[in-house]
Amino acid sequence: MTSYVVSFSSQYENITKGADPIIDNWFLMSNPVPVLSIAACYLLFVLHYGPRWMENRKPFVLKNTLIAYNAAQVVFSTLLCVQPFFIGGLHRALNVSCNANAVVDRDLQLTIWNGTWWYMVLKHVELLDTVFFVLRKKQNQVSFLHVYHHTIMAVFTWGYLKYLPGVQGAFLGILNSFVHIIMYTYYLIAAMGPQYHKYLWWKKYMTTIQLTQFGIMLVYLFLIISFQCSVPRSLTFFFVINVTIFLFLFWNFYRKAYSKEEKKLH
């Protein structure tokens, strides 16, 4: 019995001990229980309890909430996107990680980690996208692509920061934040009312931008492998596999959504 207790204690310590004690002390970062609990509650609500609860209710009118929410997403995505360029941090970070003779700058490392933490928090806030769909009885938009994307991003970003916070991931976060500026601007205009929908002619191109994003990510990840940058290969290959899945799912969505529209036009 004692050996089992010691073994469990050792495994628990392995899970709770991350890459750096500083990160371990940040909000949500001490152990995986809070993040996994959030993910579990999210999935239970959007896939089961939420739709059942709304079944005999009228859709919520969330116009002002959606306007405020999407505007906030644009602002915070912009801040995450431009901050590294203000400090020149990303260029320096990639130079350090891909140059064996370079000296690691602790302040730079902490800056990247801090930005990653805020990015992780934003990924959890984005789970509200699906909650709003459920409350507005738009369950058709709660697709596998949508739920998988939101869940994996929230959980994986936490795991990345906790255990393997390599600086290469910062570029992926910045690129994704840039795309989200465009995406949430679209949602913001859509939430403002039908009179503004004439400005949303570029919906098809938004999906194209998302696909281009994944293509750029794959090229970047293969360059990391080629240049043998100091990032765990297993992490890089996980990035590659996940980005490839996203690319396939978004392409499938693009093909189904816009091929139908083209057929109607003809």
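Residues numbered from 1 in each chain as written. Predicted model: local features only at pLDDT ≥ 70, side-chain atom pairs only at ≥ 80, totals over all residues. Heavy atoms only, no water.

Where an unreviewed UniProt entry is consulted, the protein chain appears under the name Elongation of very long chain fatty acids protein, with the organism given as Aedes aegypti. In its Subcellular location (unreviewed entry) section, UniProt records this for the protein chain: "Membrane". (UniProt positions renumbered as here; feature names shortened; annotations may be inferred.)

Student: Sorry if this is basic, but what is going on with the overall build of the protein chain here?
Tutor: Each helix and strand counted, the protein chain has 11 helices and zero strands in total. Counting helices and strands in the order they occur from the N terminus, the protein chain gives α-α-α-α-α-α-α-α-α-α-α. The buried share of the protein chain, taken over its 266 residues, is 43%. (Helix = DSSP H or I, 4+ residues; strand = E, 2+ residues; numbered from the N terminus. Buried < 20%, exposed > 50% of the residue type's maximum accessible area, 1.4 Å probe, protein only.)

Student: How do you make sense of the environment of T111 when you look at a structure like this?
Tutor: As for its placement among the helices and strands, T111 is situated in helix α6 (residues 106-125). With a relative accessible area of 29%, T111 lands in the partly exposed category. A C-alpha to C-alpha distance of 9.8 Å links T111 and Q83, two positions 28 residues apart in sequence.

Student: Quick question: what am I supposed to make of the UniProt feature "transmembrane region" (unreviewed entry) in the protein chain here?
Tutor: Mapped onto this numbering, the UniProt entry gives "transmembrane region" (unreviewed entry) at residues 26-45, 66-87, 117-135, 142-161, 167-189, 209-228 and 234-254. The span residues 117-135 shows a helical share of 89% and a strand share of 0%, and its end C-alpha atoms are spaced 28 Å apart. The distance from the first to the last C-alpha atom of residues 142-161 is 28 Å, and the span holds 90% helix and 0% strand.

Student: Could you clarify how one ought to interpret the environment of L43 in this entry?
Tutor: Structurally, L43 can be placed in helix α3 (residues 33-54). The exposure class of L43 is partly exposed, given its relative accessible area of 30%. Distance from L43 to T151, taken between C-alpha atoms, is 8.1 Å for residues 108 residues apart in sequence. The residues touching L43, leaving out its near neighbours within four places in the chain, are H48, V147 and T151. (Contact = heavy atoms within 4.5 Å.)

Student: Would you take a moment to explain a nonpolar patch on the surface for this structure?
Tutor: Among the surface-exposed residues, I15, Y163 and L164 lie close enough to one another that they form a single nonpolar patch of about 230 Å² accessible area. Here L164 is to be found in the loop between α8 (144-163) and α9 (169-191). (Patch = residues over 30% accessible without salt bridge, like charges linked within 9 Å, V, L, I, M, F, W, Y side chains within 5 Å. Areas by Shrake-Rupley, 256 points an atom, 1.4 Å probe, with all protein chains shown as cover. Salt bridge = Lys/Arg side-chain N within 4 Å of Asp/Glu carboxyl O.)

Student: So what exactly am I meant to see when it comes to α6 here?
Tutor: Helical periodicity: at 3.6 residues per turn, an α-helix aligns residues three or four positions apart in one direction. Its 20 residues give α6 an end-to-end C-alpha distance of 29 Å, which sits within 8% of 28 Å, the value for a rise of 1.5 Å per residue. Taken together, the buried positions of α6 are L108, I112, W113, G115, T116, W117, Y119, M120, L122, K123 and H124. (Expected span 1.5 Å × (residues − 1).)

Student: What should I look at first to understand the pattern of salt bridges in this one?
Tutor: Where charged atoms of side chains with opposite charge meet at close range, the side chains can pair. On inspection of all chains with the given rule, the structure shows two salt bridges. A salt bridge links K162 to D24, with the shortest nitrogen-to-oxygen separation between them at 2.8 Å. Of this pair, K162 sits in helix α8 while D24 sits in helix α2 (residues 21-24), and the two are 138 residues apart along the sequence. Taking relative accessible area as the criterion, K162 reaches 0% and is therefore assigned buried. D24 sits in the buried class, given a relative accessible area of 15%. With a closest N to O distance of 3.0 Å, E126 and K123 form a salt bridge. For the pair E126 and K123, one class covers both residues: buried.

Student: What's the story with unusual backbone geometry in this structure? I'm lost.
Tutor: Excluding glycine, residues mostly carry a negative phi; peptide bonds, for their part, are mostly trans. Backbone geometry at L28 places phi at a positive 75°, although glycine is not the residue there. Secondary-structure assignment places L28 in the loop between α2 and α3. Using a relative accessible area of 16% as the deciding quantity, one classes L28 as buried.

Student: What is the right way to read the side chain of T157 from this model?
Tutor: If you trace the backbone, T157 turns up in helix α8. Engagement of the side chain of T157 in a polar contact is seen with the backbone oxygen of M153, the distance being 2.5 Å. Excluding anything up to four places from it in sequence, T157 contacts T116, Y119, M120, K123 and I152. (Polar contact = N/O pair within 3.5 Å; in protein donor to acceptor, adjacent residues only side chain to side chain.)

Student: Hey, could you run me through the side chain of N242 in this one?
Tutor: Residue position: N242 is located in helix α11 (residues 233-265). Judged by its relative accessible area of 7%, N242 is buried. A polar contact is formed between the side chain of N242 and the side chain of Y148, at a distance of 2.8 Å. If near-sequence neighbours (up to four positions away) are discounted, N242 is found in contact with Y148 and I152.

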